[in-house]
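# Fold and contact review
Chain residues, written in single-letter form:
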Amino acid sequence: MKTKLVLSMLTLAVVFTACKKESPEPITGCTDPTAINFNPLASIDDSSCVYDIYGCTDSTAINFNPLASIDDSSCIYETIVAGTITELDAQAATFAPNPPPEPPTITGDYTKFSFAEGTVVEGDDWDVAFRSTSIIFNGGMASDTSQPNRTGNAAVYLIDGTMEDISLVDESLLLQDEATSTAIIDDMGIQQMGWCIYDFATNMISPIAGKILVVRTHDNKYAKIEILNFYDATCTNVYGGFYTFNYVYQSEESNLTF
Amino acid sequence: MKNTLFFLSILFVFTAFGQTKSDSISIKKKHKEVSISATKSSKSLDALPIPGSIISEKEITETAATKLDEVIEKQTGIISVPTKTGTKGVQMQGLDASYIAILLDGCPMIGRSFGAFDLNRISLADIEKIEIIRGASSSLYGSNALGGVINLISKNQVEDGKNMFLSMKYGTNNSLNSSALYQYKKGGLQLSNSMDYYKTDGYDLIDSDLLNTINPLSNYSFRIKIKYDLSEKIILKANGRYFNQEQENTGEKSNLLLEGESQIKEWNLGSSIKYLMHSNFSTEAEIYTTNYRTDEFLLNQNGSLFDKNYFDHTLLQSELRNNFNFKAINGIIGFGMTKEKLDRKYFSSIAQQDLKFLYGQLDCLAFGVVDIIAGSRYDNYSNYATEISNKLALGFPISKQLKINSSVGTGFKIPDFRQRYFDFTNSTIGYTVLGREVAFDRLTAMENDGMLQGIFIPFSEINSPLKSETSLNINVGIKFKVNEKTSFNINFFKNEVVNLIEAQLVANKTNTLPVFSYFNLNQVETKGMEFNTRFRPNSKLEIKAGYQLLFAFDSDIKTRFETGDVYAKDAETLVSFKLKKDDYFGLFNRSRHMGNLKLFYQFNDKLDLNTIITYRSKYALYDSNGNNLLDTYDEFIDGYALCDVGITHHTNASKSIQLGVKNIFDFTNPEYISNISGRLYYINLKINFKN
């Protein structure tokens, strides 16, 4: 009987202890109120806090931050455009030799090019125009009646170097075309005072190595050009007039680097 | 200072002879090759302390050469190549044709196109040997001998009787060259008559174009020489030469062929009287005149005149030479005057120039061993600054086998008529080139007429005459005779030429077209080494080899490479890149290495074989990467070797027949080398009548 009592006491004790009500468990989560996933119920931080990242959220910008959640207006867009123009047709309409001592007659329209458009243009928003070995800019004064209208403030200088080396504009060197002479001297390559060189043996004109044209465009932006070739692949014209050139254009106003 | 040194050296010569009584020079002359170009009197080539060589009659005969260019281009360090202007000229020690005087029996030949002398004009029918003096020789020969002298010496007859040589050569391209030489001697009278006729159909290396590479041409020349000993002491000489060449002239305009003709007429006349006053003193008065005229025209398709051109150059020279021997000294003192005139298209008036000159040279054997040549020449031009040219050469025998030679000389070339009187406007693109003497007046007139737009060089700088181009030449070399079978010589040379004349932009016309005139601008340097060897293992075989190493560059361009930025365009991308300091190759049309190998084998008395290989390493005529200079990235013309083989059968003492092939491997480079026509076969018959 006594044994029965002990057993029942034990059983009761087991039941009591086993069936005791549990206290509530702590909640884990982000416990930092500055985080965007702050969990006010969480009592234990599980390192899952996510914070706001400020930055450029536009994937077309050069400093686009794929992690940024908030655009902080810091996006920088590429203002530098590089391109290659192949065989721009600037043949003079006629290049007629005359009996000596008369100089040859060169007539025809200039071919106008715009850096902003990256192509040959019509109208007044041109930056540079070509005809045969002559290169003029939309600024300054016309030196010949056959030249196109000038409406801008373009200027230019010629400097020795490679496209990579010349990365900053030296404004003090800029020259504009004048009524008596163009900023880029057109000597047909004979004395190499301009961009090209004439070979008396082969009668071919080729660009001088290491000559970079630094240009202020008609609307005060900057660009640089390296002329690569003066003839088209088939050499349709012995007088050349097909410009192939590399250029780099800084579309941001008054930015002197490119 | 320079002159003081020079006069001191003359003094040295005089004091040196005083202690010696050597008469070895006259003994040495026997069986030795004798040069007269270096001293204007006979001097043994072995004793000559300046770099010189002789092309013997044997070599001329063996190679079946009938014109000067055929034999000259086989010599070490000498090439005859078309230049950028298309004219063919000879190059020596890296200096081009306008600096090398061509003489016929000591008298200057004229008639150059852009400074180059066409060596095909000179027949070898009556030539005994060709002497070549390398390096500045203005101290004897004045202007044009800045780089050296090529002197053709005609045959002299020693024995009484008649002598007649006939030769007939026929070969590829329907080329025919026949010549006859008649010599007669009786006592004091010597007569030599020669005639040469040459014709060729020319050749065309590029079939696809309208023009031939070389148009058909024919030429003939006559030469007569008379020598008469009036007495034992007085010798009279007279000579005359006439040359005439006709060649088809063609041109191209708008893909149509223009045809015409070009003609060259040239004559030379000379006479002299020599008085052998004493065994130690002789004097000779000589008068010489020559005229060279070319006429050429091109007609349009309809027969009307397209272009006409002429060039008429005359030279008259009188000279008095005095030779003396005093103990071991041979001396020469000469003076004279030269009148020259040139009338040509693009000259507004006939250009003239007078010159008075005085020269003296001593050669002697000092202390019985040291060969000394010291010379000086004074040139006084009517409208130019005077020029003084000096030369000092010393030869030291170290042993019987070895001799060290050294020479220092100055040379000059006065501005040519084109650089002074040219008045030319290009009809295709319209630029104008003005000679320095006409530039000031023409430019001032243009300015007054409002024809000028920009002036880049003040006219005051053009109002003074051009300076002569001058050079300093140094040679140091050894001659080494290893044994009876083997000998060689090495010569290190250096030429510094300053005040080179180049055209430069002076002004722009209102149509932006440029006006050029000539200025003293550049400075070039050529230096290198020449090596020649001869090996004769037995009486049947002779081997000769020659090599020249050459560095030739423009000093200003070299400085630009060292200090500044020089760029070139990449051949593929055409994008510019910066060149490094050692990317400068040097002057155009210069090969770093040139060599030749000559082999002569005599099978027996009747049959012999002759082989010549000449080699020239890569060079370039034009810039190809946009910097107007020659760098290692430029396109070069590949080096090439030419091989000639000839076999001669001596039927008897007076008859021989030669068969041969020139350029046996048929090398051509149609694009760049117009004067190498491909394989040429020839047959050459020679007959000698004697009684």
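Calculation notes
- Residues numbered from 1 in each chain as written.
- Chains lettered and ligands numbered in written order.
- Predicted model: local features only at pLDDT ≥ 70, side-chain atom pairs only at ≥ 80, totals over all residues.
- Heavy atoms only, no water.
- Patch = residues over 30% accessible without salt bridge, like charges linked within 9 Å, V, L, I, M, F, W, Y side chains within 5 Å.
- Areas by Shrake-Rupley, 256 points an atom, 1.4 Å probe, with all protein chains shown as cover.
- Salt bridge = Lys/Arg side-chain N within 4 Å of Asp/Glu carboxyl O.
- Helix = DSSP H or I, 4+ residues; strand = E, 2+ residues; numbered from the N terminus.
- Buried < 20%, exposed > 50% of the residue type's maximum accessible area, 1.4 Å probe, protein only.
- Contact = heavy atoms within 4.5 Å.
- Buried area = accessible area lost by both parts, 1.4 Å probe.
- Polar contact = N/O pair within 3.5 Å; in protein donor to acceptor, adjacent residues only side chain to side chain.
- Nonpolar A, V, L, I, M, F, W, Y, C, P; charged D, E, K, R; others polar.
- Core = buried A, V, L, I, M, F, W, Y, C linked by side-chain atoms within 4.5 Å.
- Arc of directions from axis to C-beta.
- Pairing = 2+ DSSP bridges.
- Disulfide = S-S within 2.5 Å.

### Regarding a nonpolar patch on the surface
Residue and element names in this part refer to chain B. Judged by side-chain polarity, F396, I398, I404, V408, L472, I474, V476 and F492 come together as a nonpolar surface patch covering roughly 650 Å² of accessible area. Taken together, the elements giving at least two residues each to the nonpolar patch come down to strand 22 (402–413) and strand 26 (469–481). Per-element tally for the nonpolar patch: the top contributor is strand 26, with three residues. On the secondary structure map, L472 appears in strand 26. The partly exposed category is assigned to L472, whose relative accessible area is 34%.

### A short note on the interface of chain A and chain B
Contacts between the two partners involve 36 residues from chain A and, on the opposite side, 32 residues from chain B. When chain A packs against chain B, the two sides together hide about 2,600 Å² of surface, and 65% of this comes from carbon and sulfur. Considering only the surface of chain A that becomes buried against chain B, I190, Q191 and A209 of chain A emerge as the three largest contributors, covering 18% of it. Across the chain A-chain B interface, the total number found is one salt bridge. We note a salt bridge from K569 of chain B to E226 of chain A, for which the minimum N-O separation is 3.0 Å. Our enumeration of links across chain A and chain B arrives at six residue pairs in polar contact (both at pLDDT 80 or more). Residue assignment for the side of chain A that touches chain B shows that the elements contributing at least two residues are strand 13 (196–199) and strand 16 (222–229) of chain A. Split into classes, the residues belonging to the side of chain A that touches chain B amount to 20 nonpolar, 10 polar and six charged.

### Concerning the nonpolar core
Formed by 111 residues in total, the largest nonpolar core has its most connected members in Y243 and F245 of chain A together with I130 and L443 of chain B. The greatest single-element share of this core, amounting to five residues, is contributed by strand 6 (residues 100–104) of chain B.

### Here we look at helix 8 (residues 555–563) of chain B
Within helix 8 of chain B the residues assigned to the buried category are S555, I557 and F561 of chain B. The buried residues of helix 8 of chain B all sit within an arc of 165° when viewed along its axis, so they share a single face.

### Observations concerning the sheet that holds strand 8 (residues 111–114) of chain A
As summarised here, the arrangement of the four strands in space is 9-8-10-11 (chain A), forming an open sheet in which the pairing is antiparallel. In this open sheet, the two edge strands, each paired with only one partner strand, are strand 9 (119–120) and strand 11 (134–137) of chain A.

### Comments concerning the state of the cysteines
Residue and element names in this part refer to chain A. Going through the model one piece at a time under the given rule, you end up with two disulfides over all chains. Residue C30 pairs covalently with C49 via a disulfide, S to S 2.0 Å. Judged by the sign of its S-S torsion, about 100°, the bond between C30 and C49 is right-handed. Of this pair, C30 sits in the loop between strand 1 (28–29) and strand 2 (44–45) while C49 is found in the loop between strand 2 and strand 3 (54–55), placing the two residues 19 residues apart along the sequence. With its sulfur 1.9 Å from that of its partner, C56 forms a disulfide with C75. Around the S-S axis, the bridge from C56 to C75 shows a dihedral of about 100° and counts as right-handed. Here C56 is found in the loop between strand 3 and strand 4 (70–71), whereas its partner C75 is found in the loop between strand 4 and strand 5 (80–89), with 19 residues between them in sequence. Relative accessible area serves as the criterion here: at 1%, C56 is assigned to the buried category. Of note for chain A: the bonded cysteines, numbered N- to C-terminal, pair according to 1-2, 3-4.

### A few points about the pattern of salt bridges
All names here are of chain B. This model, assessed by the stated rule, comprises 41 salt bridges over all chains. K58 is paired through a salt bridge with E542; the nearest N and O atoms lie 3.6 Å apart. Residue K58 is located in helix 3 (residues 57–62), and its partner E542 is located in strand 29 (residues 541–554); the two are separated by 484 residues in the primary sequence.

### Remarks on the environment of K686 of chain B
Residues and elements named next belong to chain B. Mapped onto the elements, K686 comes out in strand 36 (residues 680–690). Using a relative accessible area of 24% as the deciding quantity, one classes K686 as partly exposed. Residues K686 and L104, 582 residues apart in the sequence, show an inter-C-alpha distance of 24 Å. In contact with K686, not counting residues within four places along its chain, are T61, L166, S167, S654, K655, S656 and Q658.

### Observations concerning unusual backbone geometry
It is generally the case that most residues other than glycine have a negative phi and that most peptide bonds are trans. All names here are of chain B. If you check the backbone angles, D105 has positive phi at about 50° while not being a glycine. Tracing the backbone through its elements, the reader meets D105 in the loop between strand 6 and strand 7 (107–108). In this structure D105 comes out as partly exposed when scored by relative accessible area, which is 29%. For N499, which is not glycine, the phi torsion reads 60° and is therefore positive.

### Some details on the side chain of N532 of chain B
All names here are of chain B. With respect to the element layout, N532 can be found in strand 28 (residues 514–535). At 2.7 Å, the side chain of N532 forms a polar contact with the side chain of T76. In this view, N532 contacts T76, S487, F488, N489, A545 and G546; residues no more than four positions away in its chain are not counted.

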